Amino acid sequence: MENNPTKKIFVTLTGLPLSFHLEWPFRKSTSGADFFFLHGDIRLEGSAGLHAPVAVNLSATVREVLPSLEAKDVEGPIINALRKEVDRRQLEFVKSGKLVPVQFSSRHYDFKRSKWIFGKASDDEIMLLLARTAYWQTRLAGGRIWVGDPTDALYVESSVEHLLEVAGKMEAQGLIKLDGEWAMANPALLEQATRFEADMGAALEELEKKHAYERGSRL
């Protein structure tokens, strides 16, 4: 990753642009239980201050396979685990709110193959993810888009090389201009603003419906 202070926008497969603030390092529970936790805040970018405060609880089984609890070894998988919770509509974005516990557990790790699993995406889904990322990164933060981000490759169970291959097809379509692992959005992509913002609105509406239903069923 280059020395770029620009905020990084991570887009979900459902089309929501997010940014993550994680309060490193992991801390050990003082309740007597042998587990570690990490507080964080997921911001729904492009919204009126909606966010989801979370407490990431590290399971003992996953802790055993991690090289360390430092950000360099675990930040990508944590961001993707939280993205998947948003994909599954398990987290609600509010203007205030209390911390929501999120289990960072073996559901995201394949012990037989010793690899993280977050759901295999098709090339069409990868291209749409990259297009949305390019749009939201440009619209909300500016600067260049890191299309070779290993965290995104992990999220779609692919490789950096394959992401760059898909990005090359986007460049051939005139959507972006590539420079190694980085890109700039072209006007042809930015002109699809209505589509990308409609995708975000539809995904947020579905998420809010789900949580409104759950609140109603508890009454």
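Quantities reported herein were computed from a predicted structural model and do not represent experimental measurements.

Enquirer: Pulling in residues and values, what's your account of the pattern of salt bridges?
Expert: Going through the model one piece at a time under the given rule, you end up with 16 salt bridges. One salt bridge connects Lys8 with Asp152, and the closest N-O pair in it is separated by 3.8 Å. In this pair, Lys8 sits in the segment before strand S1 (10-11) while Asp152 sits in helix H4 (residues 150-155), placing the two residues 144 residues apart along the sequence. Assigned by exposure class, Lys8 and Asp152 land together as buried. Arg107 is the partner of Glu85 in a salt bridge, and the nearest nitrogen-oxygen pair spans 2.7 Å. Highlighted residues: Glu85 in helix H2 (residues 71-87) and Arg107 in the loop between strand S6 (100-104) and strand S7 (109-110), separated in sequence by 22 residues. With a relative accessible area of 10%, Glu85 lands in the buried category.

Enquirer: I'd like to hear about the environment of Leu69, residue by residue, with values.
Expert: Tracing the backbone shows Leu69 in the loop between helix H1 (60-65) and H2. When the C-alpha positions of Leu69 and Pro25 are compared, they lie 7.5 Å apart, and in sequence the two are 44 residues distant. Those residues in contact with Leu69 that sit more than four places away from it in its chain are Trp24, Phe26, Phe36, Leu58, Arg63 and Val74.

Enquirer: How would you summarise helix H3 (residues 123-140) if you had to cite specific residues and measurements?
Expert: Each α-helix winds once per 3.6 residues, and so residues spaced three or four apart point in a common direction. End to end, H3 covers 25 Å across 18 residues, agreeing with the expected 26 Å (1.5 Å per residue, within 8%). Taken residue by residue, H3 has Ile126, Met127, Leu129, Leu130, Ala131, Arg132, Thr133, Ala134, Tyr135, Trp136 and Gln137 as its buried positions. Directly after H3, the chain includes Gly142, whose backbone phi takes a positive value near 75 degrees.

Enquirer: Before we move on, could you go through the environment of Lys120 and cite the residues and values that matter?
Expert: Within the secondary structure, Lys120 sits in the loop between strand S8 (115-116) and H3. Excluding residues that lie within four positions of it along the chain, Lys120 makes contacts with Glu125, Val156, Glu157 and Ser158. At a separation of 2.8 Å, a polar atom in the side chain of Lys120 contacts the main-chain carbonyl oxygen of Glu157.

Enquirer: Tell me about the sheet that holds strand S9 (residues 145-146), and please be specific about residues and values.
Expert: Judged by pairing direction, the sheet is antiparallel, and its three strands sit side by side in the order S9-S11-S10 without closing on themselves. Because the sheet does not close on itself, it has two edges, and the strands there are S9 and strand S10 (176-179). In terms of strand pairing, S10 meets strand S11 (residues 182-185) through four bridges, oriented antiparallel. Across the sheet, residue Asp179 finds its bridge partner in S11, namely Trp182.

Basis of the calculations
Residues numbered from 1 in each chain as written. Predicted model: local features only at pLDDT ≥ 70, side-chain atom pairs only at ≥ 80, totals over all residues. Heavy atoms only, no water. Salt bridge = Lys/Arg side-chain N within 4 Å of Asp/Glu carboxyl O. Helix = DSSP H or I, 4+ residues; strand = E, 2+ residues; numbered from the N terminus. Buried < 20%, exposed > 50% of the residue type's maximum accessible area, 1.4 Å probe, protein only. Contact = heavy atoms within 4.5 Å. Expected span 1.5 Å × (residues − 1). Polar contact = N/O pair within 3.5 Å; in protein donor to acceptor, adjacent residues only side chain to side chain. Pairing = 2+ DSSP bridges.

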